[in-house]
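# Descriptive analysis of the structure
Chain by chain, the residues:
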Amino acid sequence: MAKIQVYYGPGMGKTSAALGNAIRAASVGKSVYIIQFLKGQLDEDYFKRLEPEVKAFSFERSTHNFNELSDEEKKDEKQNILNGLGFAKKVLTTGECDILVLDEFLGLSDEGIISEDDMVNLVSLGTDSMQLILTGTVLPESLRKKCDQIFKISDESNK
């Protein structure tokens, strides 16, 4: 199973911390994939500059955060997000990269897109040589047991 690192909590900076680790790893020759969820489309111009060492993906079509969408728009985006999870599963099972960042992955169960059990099953697919970095606001207890490093980011830590 992949080594799992988590940045979670109500504070800002979780994605920044995850990306910082990813860029540091890329600077020493590691391959990095980033899959972003619930944030809408990526800033592709920025991420293109990090290639080929860092490749970023978002399967969402909207330019808005998931929680800003109407119920109908959420329904459409849910399928796109599930496609992103399918890609994550493929990457985890093939060991296609050294580090996989699943940004806002922890929020997928809060939004009812996947169950906590599905989250645990997905992260368990990673090969021993991979590192998996997860971000989000709430860390389910069932997933906590699988994690090697956990960092809680609170509002207090940003002052």
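As shown above, the structure is provided for reference.
Definitions and limits used
- Residues numbered from 1 in each chain as written.
- Predicted model: local features only at pLDDT ≥ 70, side-chain atom pairs only at ≥ 80, totals over all residues.
- Heavy atoms only, no water.
- Helix = DSSP H or I, 4+ residues; strand = E, 2+ residues; numbered from the N terminus.
- Rg over C-alpha atoms; globule rule 2.2 N^0.38 Å.
- Buried < 20%, exposed > 50% of the residue type's maximum accessible area, 1.4 Å probe, protein only.
- Contact = heavy atoms within 4.5 Å.
- Areas by Shrake-Rupley, 256 points an atom, 1.4 Å probe, with all protein chains shown as cover.
- Lys, Arg positive; Asp, Glu negative; His and termini not counted.
- Charge placed at Lys NZ, Arg CZ, Asp CG, Glu CD.
- Patch = residues over 30% accessible without salt bridge, like charges linked within 9 Å, V, L, I, M, F, W, Y side chains within 5 Å.
- Salt bridge = Lys/Arg side-chain N within 4 Å of Asp/Glu carboxyl O.
- 1 Å grid on protein atoms, 1.4 Å probe; cavity = no way out; pocket = protein on both sides within 12 Å on 5 of 7 lines; lining within 4 Å.
- Points joined across faces, edges and corners; volume = space filled by probe spheres on them.
- Nonpolar A, V, L, I, M, F, W, Y, C, P; charged D, E, K, R; others polar.

### Examining the overall build of the chain
Secondary structure assignment for the chain yields 6 helices and 6 strands. Order of helices (α) and strands (β) in the chain, N terminus to C terminus: β-α-β-α-β-α-β-α-α-β-α-β. Computed over its C-alpha atoms, the radius of gyration of the chain comes to 15 Å, within 12% of the 15 Å expected for a compact globule of 159 residues. Counting only C-alpha atoms, the chain reaches 45 × 35 × 35 Å along its principal axes. Taken across its 159 residues, the chain has 46% of its residues classed as buried. A fraction of 70% describes how many contacts in the chain between residues 6 or more apart in sequence connect residues 24 or more apart. Surface summary for the chain: the accessible area is close to 8,300 Å², and the carbon and sulfur share equals 47%. Charged side chains of the chain number 19 positive and 26 negative; the gap between the two group centres comes to 5 Å.

### What about a negative patch on the surface?
Negative charge collects at one region of the surface, where Asp-110, Glu-111, Glu-116, Asp-117 and Asp-118 lie side by side. Here the negative patch gets 3 residues from one element, more than from any other, and that element is helix α5 (residues 116-123). Summarising the element assignment, Glu-116 is placed in helix α5. The exposure class of Glu-116 is partly exposed, given its relative accessible area of 37%.

### Describing the layout of surface pockets
Space inside the largest pocket adds up to approximately 240 Å³. If you trace the largest pocket, you find it lined by Phe-37, Leu-38, Lys-39, Asn-65, Phe-66, Asn-67, Glu-104, Gly-107, Asp-110, Glu-111 and Thr-137. Partitioning the lining of the largest pocket into residue classes produces 3 nonpolar, 4 polar and 4 charged. Space inside the second largest pocket adds up to approximately 190 Å³.

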